[in-house]
Amino acid sequence: MTETQTRKGWLAGVGVALGAAAVILAARISFSIPGTDVLQTGQTLAVVLCGALLGARYGTAAILVYLGLGAVGAPVFADGASGFSHLTGSTSGFLFGFLVAAWMTGALRDAGRLDPWRDALIGLVAAHGVILGLGWARLVLVPSLSLATAFTAGVAPFISGALVKSALGVGVIWAAERFGRPRLEREEELDDDPMD
């Protein structure tokens, strides 16, 4: 293994660890959206940014680390919850939605589709939609919940927050591109330099 490959491996590992840590910390941040009394967390913003800033491979890996930590008992899920049962329970759709959303925004980034403001906003809104959609799909399997009840309880209160967080995410992506792309990306460009 060359020195450059070793450095890239370390940078990738640090990126994945920081991404997982960001999701854990963002779950502790809560705020209210005018017009709703349901508190929002910063968790889904951190999830979609994992993919948008780290790419599909490392962004998805960060979410896998996060889910793995929660599954083995670390109190990293919403409200400090933990345990494997959360990956099979009524809200597991949201957690698996995290995986899909991180991969989705990462794939868009890797394809160069998150640069313009409009495309980035559409991508982040769609990723939030995936999280809410998969969460809703799992909630409707609860015998006591109808489609409408599951939507009213588990999706509708979070739509406005998803839009706000998507807009904030676009700003973070812009700042990351404007003030310095991730070092890992620069390392990859150096490896591809034909002058080497």
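Here, every reference points to the structure presented above.
Cut-offs and rules
- Residues numbered from 1 in each chain as written.
- Predicted model: local features only at pLDDT ≥ 70, side-chain atom pairs only at ≥ 80, totals over all residues.
- Heavy atoms only, no water.
- Helix = DSSP H or I, 4+ residues; strand = E, 2+ residues; numbered from the N terminus.
- Expected span 1.5 Å × (residues − 1).
- Contact = heavy atoms within 4.5 Å.
- Salt bridge = Lys/Arg side-chain N within 4 Å of Asp/Glu carboxyl O.
- Phe/Tyr/Trp six-rings, centres within 6.5 Å; stacked < 30°, edge-to-face > 60°.
- Buried < 20%, exposed > 50% of the residue type's maximum accessible area, 1.4 Å probe, protein only.
- Polar contact = N/O pair within 3.5 Å; in protein donor to acceptor, adjacent residues only side chain to side chain.
- Patch = residues over 30% accessible without salt bridge, like charges linked within 9 Å, V, L, I, M, F, W, Y side chains within 5 Å.
- Areas by Shrake-Rupley, 256 points an atom, 1.4 Å probe, with all protein chains shown as cover.
- Core = buried A, V, L, I, M, F, W, Y, C linked by side-chain atoms within 4.5 Å.

Enquirer: Which residues make up helix 6 (residues 156-179), and what values go with them?
Expert: In this model helix 6 runs 36 Å from its N-terminal to its C-terminal C-alpha over 24 residues, within 8% of the 34 Å that 1.5 Å per residue would give. Residues of helix 6 that are buried make contact with strand 1 (30-32), strand 2 (39-41), helix 2 (43-71), helix 4 (117-139) and helix 5 (147-154).

Enquirer: Requested: an account of the pattern of salt bridges, with residues and values cited.
Expert: All chains considered together, the criterion is met by three salt bridges. Of the charged contacts, one joins R109 and D110 as a salt bridge, the two residues approaching to 3.4 Å between their closest N and O atoms. Three or more residues joined by partner-sharing salt bridges are found here, namely R113, R118 and D119.

Enquirer: Would you mind going over the packing of aromatic side chains in detail, with residue names and values included?
Expert: All told, the structure shown has four aromatic pairs when counted by the stated rule. Seen in terms of ring centroids, Y66 and F77 are 5.6 Å apart; in terms of plane orientation they differ by 80 degrees. Their pairing is edge-to-face. One end of the pair, Y66, is in helix 2; the other, F77, is in the loop between helix 2 and helix 3 (92-110), and eleven residues separate them in sequence. Neither residue differs from the other here; Y66 and F77 are each classed as buried. Centroid distance W117 to W174: 6.0 Å. Interplanar angle 35 degrees. Geometry classified as tilted. With a gap of 57 residues between them, W117 in helix 4 and W174 in helix 6 connect regions that are remote in the sequence. Judged by relative accessible area, W117 falls into the partly exposed class, the value being 49%. Take W174: its relative accessible area is 39%, and that puts it in the partly exposed class. Put simply, the rings of Y66, F77 and F98 pair up and form one aromatic cluster.

Enquirer: Talk me through the environment of A127; I want residue IDs and the actual numbers.
Expert: With respect to the helices, strands and loops of the structure, A127 is situated in helix 4. Given a relative accessible area of 0%, A127 falls into the buried group. Along the chain, A127 and W103 lie 24 residues apart, while their C-alpha atoms are 9.2 Å from each other. Apart from residues no more than four positions distant in its own chain, A127 is found in contact with V48, A101, M104 and T105.

Enquirer: Could you give an account of the side chain of H128, naming the residues involved and the relevant values?
Expert: Relative to the helices and strands, H128 is located in helix 4. Among the polar contacts made by the side chain of H128, one reaches the side chain of T44 at a distance of 2.9 Å. If we skip the residues at most four places from it in the chain, H128 touches T44, L45, V48, A162, K165 and S166.

Enquirer: Outline helix 2, supporting the account with residue identities and numerical values.
Expert: With 29 residues, helix 2 should cover 42 Å at 1.5 Å per step; its first-to-last C-alpha distance of 17 Å lies more than 12% under that length. Among the residues trailing helix 2, G73 stands out with phi positive, at a value near 115 degrees.

Enquirer: I'd like a rundown of a nonpolar patch on the surface, residues and numbers included.
Expert: A contiguous nonpolar surface patch, about 370 Å² in accessible area, is contributed by L121, V125, F151, I159 and L163. For L163, the location among the structural elements is in helix 6. L163 gets classed as partly exposed once you look at its relative accessible area, which sits at 46%.

Enquirer: Which residues make up the nonpolar core, and what are the values?
Expert: Formed by 41 residues in total, the largest nonpolar core has its most connected members in V47, I63, Y66 and L67. Of all the elements in the fold, those that place two or more residues in this core are helix 1 (3-26), helix 2, helix 3, helix 4 and helix 6. A total of 13 residues in this core trace back to one element, the largest contributor, which is helix 2. When residues no more than four places from it in sequence are discounted, the contact partners of Y66 are A20, V23, I24, Q43, V76, F77, L95 and F98.

Enquirer: Let's hear about the side chain of S166: which residues, and what values?
Expert: Note on placement: S166 falls in helix 6. Within the structure, S166 has its side chain in polar contact with the backbone nitrogen of V125 (distance 3.5 Å). In this view, S166 contacts L121, L124, V125 and H128; residues no more than four positions away in its chain are not counted.

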